[in-house]
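Analysis of the macromolecular model
Spelled out from the first residue to the last, the chains are:
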Amino acid sequence: MSKRFPPAPALRLLVLAVLVFVALAAGVAQAQAQAPAPASASAKAQAQNPAPAKPQDPTSPVWFEGLVQEWDRVLVDAQTYFADFDANPAEAANKRTLVGGVREQAVRMKTAATEELNSSQQFLDALGPPPAEGEPAEDAGVQEKRAQYTKAIADLKSRIAQSDLAIARVDKILASVSSQARDQLVKETLQRWPVPVLPSVLIKAGLEILALLRDLADVPRAWYMGLDDEGREAVLFWPPLLVILVLVVLAVVGRRLLLARLGPDPAQVEPTYARRLVAATAVGVARGILPGAFLIGALVWINRPGAVVSGDMLVLSSRVLFALFVFILATALPRAILAPEWPAWRLTDLPPGSTRLISGRVTFLATVIAIDLLLIGIGQIRTTSLEVDSVVTAAMTILEAVGVFLLVRPSLWEPDAADDGDDEAAPDPEKPRHMKFWTVVRNLTSLLAVVSIGAALIGYVPLGRFLIESTIGTAFIGFMLLLVRGLLRELVGVAARSRFLRERLGIRMKTLKRLRFWIRGALDPVLAVAALFLIGPLWGLPADDLTRWATAALSGFTIGNVTISLSDILLAILVFLVAMAVARLIQRTLLEKVLPATKMELSVQHSLSAGVGYAGVIIAVALAIAVAGVDLTNVALVAGALSVGIGFGLQNVVNNFVSGFILLVERPIKVGDWVVLGSNEGLVKKVSFRATEVETWQKASLIIPNAEILSNPLTNWTLKDRYGRIEVAIGVAYGSDTEQVRDILLACARAQPRVMTFPAPNVLFLDFGDSALLFELRCFTSDVMSRLAISSDIRFDIDRRFREAGIEIPFPQRVVHMVPPTADAPPPPPEGQNQNGQTP
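The present account deals with the structure reproduced in this document. (Residues numbered from 1 in each chain as written. Predicted model: local features only at pLDDT ≥ 70, side-chain atom pairs only at ≥ 80, totals over all residues. Heavy atoms only, no water.)

1. Re the overall build of the protein
Along its length, the protein carries 28 helices and 10 strands. Sorting the 840 residues of the protein into buried and exposed places 33% on the buried side. Considering only contacts within the protein whose residues lie at least 6 apart along the sequence, 70% involve residues at least 24 apart. For the protein, the computed accessible surface area is about 50200 Å², with 64% contributed by carbon and sulfur atoms. (Helix = DSSP H or I, 4+ residues; strand = E, 2+ residues; numbered from the N terminus. Buried < 20%, exposed > 50% of the residue type's maximum accessible area, 1.4 Å probe, protein only. Contact = heavy atoms within 4.5 Å. Areas by Shrake-Rupley, 256 points an atom, 1.4 Å probe, with all protein chains shown as cover.)

2. Brief notes about the environment of M509
In this fold, M509 is placed in helix α20 (residues 509-535). Accessibility expressed as a relative area gives 32% for M509, which makes it partly exposed. Taking the C-alpha atoms as reference points, M509 and A496, 13 residues apart in sequence, are found 7.8 Å from one another.

3. So, the sheet that holds strand β5 (residues 691-696)
Taken in spatial order, the 5 strands line up as β6-β5-β4-β3-β7 in an open sheet, and their pairing is antiparallel. The open sheet has two edge strands with one neighbour each: β6 (701-705) and β7 (715-716). Note: β5 against β6, 5 bridges, orientation antiparallel. Bridged to A691 within β6 is P705. (Pairing = 2+ DSSP bridges.)

4. Let's talk about the nonpolar core
Soluble globular proteins: nonpolar side chains tend toward being buried together. Ranked by internal contacts, the top residues of the largest apolar core, which has 37 residues, are F325 and I358. Residue assignment for this core shows that the elements contributing at least two residues are α7 (199-217), α8 (219-225), α11 (273-302), α12 (311-338), α13 (352-379), α14 (386-407) and α18 (461-496). Element by element, the count of residues in this core is highest for α12, at 10 residues. Here I358 is in contact with L338, L350, L407, L412 and W413, once residues within four sequence places are set aside. (Core = buried A, V, L, I, M, F, W, Y, C linked by side-chain atoms within 4.5 Å.)

5. A few points about the environment of G540
Here G540 shows up in the loop between α20 and α21 (543-555). When its relative accessible area of 17% is taken as the criterion, G540 is described as buried. Leaving out residues up to four positions away in the same chain, G540 has contacts with R182, L185 and F466.

6. Overview of the pattern of salt bridges
Scanning the entire structure with this criterion turns up 25 salt bridges. With a closest N to O distance of 3.2 Å, D155 and K151 form a salt bridge. Of this pair, D155 and K151 both sit in helix α6 (residues 140-189), 4 residues apart, roughly one helical turn. Classification of D155 as partly exposed rests on a relative accessible area of 32%. (Salt bridge = Lys/Arg side-chain N within 4 Å of Asp/Glu carboxyl O.)

7. Things to note about the pairing of strand β4 (residues 680-687)
The sheet contact formed by strand β3 (residues 674-677) and β4 spans 4 bridges and is antiparallel. Looking at β4, one finds that L677 is bridged to N680. Here β3 folds back onto β4 in antiparallel fashion, the turn holding 2 residues, of which G678 has a positive phi close to 65°. Here 5 bridges tie β4 to β5, and the two strands are oriented antiparallel to one another. Bridged to K686 within β5 is E693. From the end of β4 to the start of β5, which pair antiparallel, there are 3 residues.

8. A few points about helix α28 (residues 787-805)
Under the 1.5 Å per step criterion, the end-to-end length of α28 is 27 Å for 19 residues, consistent within 8% with the ideal 27 Å. Those residues of α28 hidden inside the fold are in contact with β3, β8 (724-732), α27 (738-750) and β10 (773-781). (Expected span 1.5 Å × (residues − 1).)

9. Things to note about the packing of aromatic side chains
Under the defined criterion, the tally for this structure stands at 10 aromatic pairs. For the pair F322 and F325, a centre-to-centre distance of 6.0 Å together with 35° between the ring planes defines the contact as tilted. Taken together, the positions of F322 and F325, both in helix α12 and 3 residues apart, correspond to about one turn of that helix. In this structure, F322 and F325 share a single accessibility class: buried. (Phe/Tyr/Trp six-rings, centres within 6.5 Å; stacked < 30°, edge-to-face > 60°.)

10. Digging into a positive patch on the surface
A grouping of R508, K510, R514, R584, R667 and K720 is seen on the molecular surface, where their side chains present a positively charged patch. As for its placement among the helices and strands, R584 is situated in helix α22 (residues 566-594). (Patch = residues over 30% accessible without salt bridge, like charges linked within 9 Å, V, L, I, M, F, W, Y side chains within 5 Å. Lys, Arg positive; Asp, Glu negative; His and termini not counted. Charge placed at Lys NZ, Arg CZ, Asp CG, Glu CD.)

11. Looking at the environment of D215
Mapping D215 onto the fold places it in helix α7. On the accessibility criterion, D215 (36% relative accessible area) is partly exposed. Each C-alpha atom, one on D215 and one on R382, is 8.7 Å from the other, the two residues being 167 residues apart in sequence.

12. So, empty space enclosed by the protein
Taken as a whole and assessed by the stated rule, the structure comprises 4 cavities of 30 Å³ or more. Residue lining of the largest cavity: I669, V675, L677, N680, E681, G682, V684, V694, L702, I704, I709 and L714, and that is the complete set. Elements supplying a minimum of two residues to the lining of the largest cavity: β3, β4 and β6. The element that contributes the greatest number of residues to the lining of the largest cavity is β4, accounting for 4 residues. Taken together, the residues of the lining of the largest cavity break down into 9 nonpolar, 2 polar and 1 charged. (1 Å grid on protein atoms, 1.4 Å probe; cavity = no way out; pocket = protein on both sides within 12 Å on 5 of 7 lines; lining within 4 Å. Points joined across faces, edges and corners; volume = space filled by probe spheres on them. Nonpolar A, V, L, I, M, F, W, Y, C, P; charged D, E, K, R; others polar.)

13. Side note on the sheet that holds β10
Spatial ordering of the open sheet is given by β8-β10-β9, a layout of 3 strands whose pairing is antiparallel. Unpaired on one side and paired on the other, β8 and β9 (762-768) mark the two borders of the sheet. Between one strand and the next, the sheet's axes are offset by a mean angle of 25°, whatever the strand orientation. Across 6 bridges, the pairing between β9 and β10 is antiparallel. The residue of β10 that forms the bridge with N762 is R778. Packed on one face of the sheet, α27 meets β8, β9 and β10 and runs near 25° to β10. (Axes fitted to C-alpha atoms, helices over the stretch in contact; angles between N-to-C directions.)

Have a look at this one:
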């Protein structure tokens, strides 16, 4: 292959893995330090174009004018340099660094000038307005100060304007460079090479490839013959060979010990996720990291200054070692996660058949990529024709696309489809949302693989190459980030379950669970940003643009007269959360340790604790506003306008709003609580600033104003926890064995799995009723939401056991005594007449 085709993006991606083993290059760095190193191109460019001097006297107008002239020189030179886009990449990077340095200095100067301008403006405002015409002249000292501050303000405004101009020029230059880079990428990608499937192209490429193979086979001989006697002797009797053998033995022994100690244990049938994660890490290190480290060490060794291997042999050997490193690493890590040999130890829920297929197809794709990397190295040894480039690159592109296409087949990732081998299974409308997302990702990846194959076959080989290499690089980065995400989430979970944090530091389990939720939630945005910075350059989005956009977002952007800074907002949120956490800690300490020792009344203790909580909220809000840089004058104006609106009829709205704020701070109710308010009962679905939404048991949504919740008695069954008591009243007939009744009732409670053993169930003999002996069974459950279901099950059991024991549950009875007639009593009236002899 020729040097005309740029290295694949996957190569640049996989080179990043070498940084993991940079410690192995310490010996090389020492050897390089002893030998004089030639000056690099970037160093020469740095000497020819020194960076602008650091500001030393910001108050000197003369010095600032010199700094502006230096900025102008650097920017004009960079603009002229970048007009020719075919410049040296190293020198271009150095120019971008110099231009970026100008921007950093301009930003610092603008910030310093703005702060000084505000200070000078305050001093000038303190002097008051100048006397109007006809008024007495002010003191000479005041006039001098006024003139001094006025001149300083004019100079500072000029500095700010010149700094803004420099920043705008830098942004324009960098945007132009990025635009040229994108245009160049599009131009190179859309080049059309000879169609690789044409017979004439295949014949010419085949003959040239045969000649190239003969030349490559002669590379080791030519290298050896080109050595002098000392070099040949060093090759035949190479002392480091013994060191390499010792290292290989140590690596094999260490690998076995690592797997025996931390690897999968077939004796464990159902290992925990944490144990499986440790085993997968051990397998990945033993089968991937250790061999890879050995290969990288050998690669660094043969590339050291003064090494025997040189020329074409050095290039060929380096490519072979690097290709082996990529192959080992790319096959070991997926096998560690999928664990096809140990189904019980895999980290996914895929069936064993799918894990074996995925592992085999990953091995196929890794083999193709390793061969591709080796061919790129061969292209650095011999220059080949465009026909050879087209045929070889198209073949590698098609093989890589086929490997990717086979890896994303639904039969591998859907357990039901994997068992029956049906690739065309009907979509499930009830499939979870994340499964649908991965289905879209697989379909898009398959489409890119097919498009890359088609582009390569019709001659657009660079386009096909770009698509498939970017797809593989994206998949690799996504896979590694998902692996890091799972590892970090598991570490957070382990820390949240730590007894040390609960017992030594006194952090409650509820607080640890809340911290676990928020830390895990913050991981995804961080990893998403990392994915953007790593994946963006693979698809032609320059890293410089991403960095510049991120810097602009963090440093702030202006909308009208308002400057929005993402860094200030994030810092303000962090300060608010920390202040709230400290306030809650102080509040809890007062309530649980300090105030009880004062012997105050309980109501006074709670009032003081609540007051500390409100003060903490106010302080936290004030600190957050101060850190965010919000002008409190504007806040005061808004507050004044709101007070006028409240006075004209917003009392109810504000009352509900303040009540909602109190609900959110004190949290007497929260989402998911079972509450009873008057005749209304249900689950809290939403708590907003104006009203609270409660879903009744009939699935009706009830909107309750927050002021009504605070002003009326409220029963919250799940405020502190979900424990609750169950009462079952029962009556038995007079004459029943009361002790037997008590034993049966206790047995019915103990038979329920959701009834707690502590506190133990108990039975109360309440009263002698009119028709029955009245008992009440009381027991406790850890899930009060199931209170009605548990009491219903207990009643079913009581009815069954009472019937088996012959215990009667009476219904209310009334005994009527009939008075017998006496001799003096009148006879009953005839039928159809009343006592008076009248017909009604």
